[in-house]
Amino acid sequence: MIVSSFDETELPDYIRRRLRAGETAGVILFGRNMESEAGLRRMTEAIQRASGGGALVAADQEGGLIRTVPFAGPVPGQSEQADPGEARSLARGAARELRGLGVNLNLAPVADVVTPGGALASRSFPGSPEEVGELVAASGRGMAEERVAATAKHFPGLGAATANTDDAPVTIEGERAELEARDLPPFSAAIEAGTPLVMASHALYPAYDPADIASQSDAVLEDLLRRRLRFRGVVVTDSMEAEAVLSRSGVADSSERSIEAGADLLLLTGSGSWNEVFPRLLERARTTPSFRERVAEAAGRVLALKRRLGLRPPR
């Protein structure tokens, strides 16, 4: 239920130990981890050897400015893609290249519908909510054709944000009916197309929950995403080290709240965060039956995702 990160260009021993022990679902890779195409391939092969062939290997490969793997597409950003056929073709080509390099999970596409002044304008598909939905669904289908898992983000919609939650707390104002009409169609389209992951936003949406940010809100993750939109796949958080999260509480507290609220997979982008999060979740699961049930549910979804990608179950 945890995706780990590290700073090195070679797989560090502590990540190997976690993978061998089944104490991490996999890793997220960043530009800092990649010196060459051959080096990336060696690294992902080492990751799978350590895990017994069962690791999720994730990257942010939206296209344009957000392209973690420089040796793979898509080169055009989402804002430059207006045709579903083109979006599907670009996603399929990028997924083929990613899979060849050992990456099996793409934290894309962005499913946010941008409003004027939105911070994610350069990263989002253009058009109406319905047009964005067609593009999101096409992108996800393209990745699926090459057995790379797509991730629709950032639920329930971050297009109106004037800042990135990585950098600052964000509140998305508006009446519930307004937000649903603008922001939900792309996520509905992604779910209908079989997109296997949805990423939870770290913004606050008072219309849904006046107290908790989306990634820690059962009103958003359970009531809206699971019950209303009938999503059955994996809910992954955005980076748990985002300023919008850490301005509220430490990474261990936040991770526990996200799991309680309905998240299945925690994205840890700080190399030391696992040391705080894993012991906390393990202790809570050992002492609290209701949390243990939530862990079992989440782990089952992650294992189903791994089977879908042709990965082996953990030892």
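The following refers to the structure shown. It should be emphasised that the depicted structure is a prediction, and the values quoted were computed from it without experimental measurement.

**Observations regarding helix α3 (residues 84–100)**
Taking 1.5 Å per residue, 17 residues should reach 24 Å; α3 reaches 24 Å between its end C-alpha atoms and fits that length. Along its buried surface, α3 packs onto β4 (61–63), β6 (105–106) and α4 (129–144). The N-cap residue of α3 is Asp 83: its side-chain oxygen and the backbone nitrogen of Gly 85 are 3.1 Å apart. Where α3 terminates, the next one or two residues include Gly 102, which has phi positive at roughly 95°.

**Some points on the environment of Ala 94**
Counting through the fold element by element, Ala 94 comes out in helix α3. Overall, the relative accessible area of 5% leaves Ala 94 in the buried class. What Ala 94 contacts, discounting residues up to four positions off in sequence, is Ala 72, Gly 73 and Pro 74.

**Some details on the environment of Glu 131**
Secondary-structure assignment places Glu 131 in helix α4. When the C-alpha atoms of Glu 131 and Ala 82 are compared, they prove to be 8.4 Å apart, with 49 residues separating the residues in sequence.

**Remarks on the pairing of strand β8 (residues 197–200)**
Here β8 shows no split at all, with Leu 197 and Met 199 on one side and Val 198 and Ala 200 on the other all buried. The pairing of strand β7 (residues 151–155) with β8 spans three bridges and is classified as parallel. Residue pairing across strands places Thr 151 opposite Leu 197, the latter belonging to β8. A crossover links β7 with its parallel partner β8, the connecting element being helix α5 (residues 176–192), and its sense is right-handed. Note: β8 against strand β9 (residues 234–237), four bridges, orientation parallel.

**Some thoughts on the pattern of salt bridges**
Taken as a whole, this structure holds 23 salt bridges when the rule is applied. Asp 264 serves as the salt-bridge partner of Arg 226, at 2.7 Å between the closest nitrogen and oxygen. Of the two residues, Arg 226 sits in helix α6 (residues 218–228) while Asp 264 sits in the loop between α8 (251–261) and β10 (266–267), which places them 38 residues apart along the sequence. As far as burial versus exposure is concerned, Arg 226 and Asp 264 are alike and both buried. Each of the salt bridges in this network shares a partner with another, and the network as a whole consists of Arg 226, Asp 264, Arg 294, Glu 297 and Arg 301.

**Thoughts on the packing of α5 against α6**
Running from N to C, α5 and α6 point in directions that differ by 50°, and their axes come no closer than 12 Å. When the axes of α5 and α6 are compared, the pair comes out oblique. In this structure, α5 meets α6 at a crossing whose hand is right-handed. Contacts between α5 and α6 involve Arg 176, Glu 180, Leu 184 and Ile 191 from the former and Leu 224, Leu 225 and Arg 228 from the latter. For the contact of α5 with α6, a count of residues per class yields four nonpolar, no polar and three charged.

**Some details on the nonpolar core**
Counting 34 residues, the largest nonpolar core has Phe 155, Leu 158, Ile 172, Tyr 205 and Leu 225 as its most contacted members. Contributing elements (two or more residues each) for this core: α4, β7, α5, β8 and α6. Looking at this core, the element that brings in the most residues is α5, giving five residues. If sequence neighbours within four positions are ignored, Tyr 205 has contacts with His 154, Pro 156, Gly 157, Leu 158, Ile 172, Leu 179, Pro 210 and Ala 214. Phe 6, Met 43, Leu 98 and Val 103 belong to the second-largest nonpolar core, a separate cluster that totals 20 residues.

**Some remarks on the packing of helix α1 (residues 13–21) against helix α2 (residues 37–51)**
In a pair of packed helices, the angle between the axes and the distance between the axes together describe the arrangement. Direction vectors running N to C along α1 and α2 enclose 40°, while the axes themselves pass 7 Å from each other. The angle between α1 and α2 places the two elements in the oblique class. For the pair α1 and α2, the contacting residues are Arg 16, Leu 19 and Arg 20 in the first and Ala 46, Ile 47, Ala 50 and Ser 51 in the second. Partitioned by chemical class, the residues of the contact of α1 with α2 number four nonpolar, one polar and two charged.

What counts and what doesn't
- Residues numbered from 1 in each chain as written.
- Predicted model: local features only at pLDDT ≥ 70, side-chain atom pairs only at ≥ 80, totals over all residues.
- Heavy atoms only, no water.
- Helix = DSSP H or I, 4+ residues; strand = E, 2+ residues; numbered from the N terminus.
- Expected span 1.5 Å × (residues − 1).
- Contact = heavy atoms within 4.5 Å.
- Polar contact = N/O pair within 3.5 Å; in protein donor to acceptor, adjacent residues only side chain to side chain.
- Buried < 20%, exposed > 50% of the residue type's maximum accessible area, 1.4 Å probe, protein only.
- Pairing = 2+ DSSP bridges.
- Right-handed = clockwise from strand over helix to strand, strands pointing away.
- Salt bridge = Lys/Arg side-chain N within 4 Å of Asp/Glu carboxyl O.
- Axes fitted to C-alpha atoms, helices over the stretch in contact; angles between N-to-C directions.
- Parallel < 35°, antiparallel > 145°, perpendicular 65-115°, else oblique.
- Left-handed = near helix turned anticlockwise from the far one by under 90°.
- Nonpolar A, V, L, I, M, F, W, Y, C, P; charged D, E, K, R; others polar.
- Core = buried A, V, L, I, M, F, W, Y, C linked by side-chain atoms within 4.5 Å.

Honestly, that's just the spatial picture; any functional story needs more than this.
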